[in-house]
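# Fold and geometry: a report
These are the residues of each chain, in order.
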Amino acid sequence: MSLEKVLSISGKPGLYKLKSQTRAGFLAESLLDGKTINVSGRHNVSLLSEIAIYTLSAEVPLREVFNKIATKEEGKEAISHKSSKIELEEYFFSVLPDYDEDRVYASDIKKVLQWYNLLVKNGITDFSEAKAENKEEDKEKETVAAKPKKETAAKAASPKAASAKASSAKKGGTAKSTAARKK
């Protein structure tokens, strides 16, 4: 599994794996305890593939930071996120020497290391970017799948409207006219 299916939900600990979409949101499975939760539109959700770390020159995607940590640790877990602030900053400096110390706080470093260790524990070590071909194919499938749904919805709506107007006369109902109300 790649980082495109891994989520961070504000107010909830740990990371979540996207399982399926529901009418009101989606279902996500916790990587901490394996419980499935329903996530609505009220929650602030971030995909790990969309998060970046500030450096002095540009923003580095989180996947590249994870790759650098994995290279340094040879695919094993990194230091604990509960280490002291100085240890965390020294470690992060060894991984990403040009990170912006003014905009990347110790709490951010803790979170990155906690997420990395959690992903490694759950066997998610594919931090490479998803292939552009797969993204294009998915977009094509979505647009092809979306077009028939819109057409069928429009066709289904028009017969219902026509049958609703004529239904009272067909079922033996009385005609509602001003002459009938006056009597």
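What counts and how
Residues numbered from 1 in each chain as written. Predicted model: local features only at pLDDT ≥ 70, side-chain atom pairs only at ≥ 80, totals over all residues. Heavy atoms only, no water. Core = buried A, V, L, I, M, F, W, Y, C linked by side-chain atoms within 4.5 Å. Buried < 20%, exposed > 50% of the residue type's maximum accessible area, 1.4 Å probe, protein only. Helix = DSSP H or I, 4+ residues; strand = E, 2+ residues; numbered from the N terminus. Contact = heavy atoms within 4.5 Å. pLDDT = per-residue confidence, 0-100. Axes fitted to C-alpha atoms, helices over the stretch in contact; angles between N-to-C directions. Parallel < 35°, antiparallel > 145°, perpendicular 65-115°, else oblique. Left-handed = near helix turned anticlockwise from the far one by under 90°. Nonpolar A, V, L, I, M, F, W, Y, C, P; charged D, E, K, R; others polar. Pairing = 2+ DSSP bridges.

Residues Leu-48, Val-65, Phe-66, Ile-69, Phe-92 and Leu-119 are the most contacted members of the largest nonpolar core, which totals 30 residues. Contributions of two or more residues to this core are made by helix 1 (62-73), helix 2 (85-95) and helix 3 (106-121). Counting residues per element, this core draws most heavily on helix 3, at 8 residues. Discounting chain neighbours no more than four positions away, the residues touching Val-65 are Ile-53, Val-60, Phe-92, Val-95, Leu-96 and Val-112. Listed in part, the 6 residues of the second largest apolar core include Leu-7, Tyr-16, Phe-26 and Val-39.

Bringing the confidence of the model for the protein chain into the picture now. For the protein chain, the average pLDDT comes to 78, and 70% of its residues sit at 70 or higher. Across residues 139-164, where pLDDT falls below 50, the model places 0 contacts with residues more than four positions away in sequence or in other chains.

Here the focus is the packing of helix 2 against helix 3. Helix packing for two helices is described by the angle between their axes and how far apart those axes are. Relative orientation of the contacting elements helix 2 and helix 3 amounts to 70°, with a least axis distance of 10 Å. By the angle between their directions, the pair helix 2 and helix 3 is classed as roughly perpendicular. Like other packed secondary-structure pairs, helix 2 and helix 3 cross with a definite hand, here left-handed. Contacts between helix 2 and helix 3 pair Lys-85, Leu-88, Glu-89, Tyr-91 and Phe-92 from the former with Ala-106, Ile-109, Lys-110, Val-112 and Leu-113 from the latter.

With that out of the way, let us pick up the packing of helix 1 against helix 3. It is the contact of helix 1 with helix 3, at a shortest axis distance of 11 Å, that shows an interaxial angle of 65°. Of the possible angle classes, the one that applies to helix 1 and helix 3 is roughly perpendicular. In this structure, helix 1 crosses over helix 3, and the sense of that crossing is right-handed. Each of Leu-62, Val-65, Phe-66, Ile-69, Ala-70 and Glu-73 in helix 1 lies in contact with helix 3, whose residues at this interface are Val-112, Leu-113, Trp-115, Tyr-116 and Leu-119. Tallied by class, the residues present in the contact of helix 1 with helix 3 amount to 10 nonpolar, no polar and 1 charged.

Time to look at the pairing of strand 1 (residues 6-9). Side chains Val-6 and Ser-8 project from strand 1 onto one buried face, and the interleaved Leu-7 and Ile-9 project onto a second face that is buried too. As judged from the 2 bridges shared by strand 1 and strand 2 (residues 16-21), these two strands associate in the antiparallel manner. Opposite Val-6, over in strand 2, you have Lys-17 as the bridge partner. With antiparallel pairing between neighbouring strands as the criterion, strand 1 and strand 2 make up a hairpin whose turn holds 6 residues, including Gly-11 at a positive phi of roughly 85°. Relative to strand 5 (residues 45-47), strand 1 is paired through 3 bridges, and the arrangement is antiparallel.

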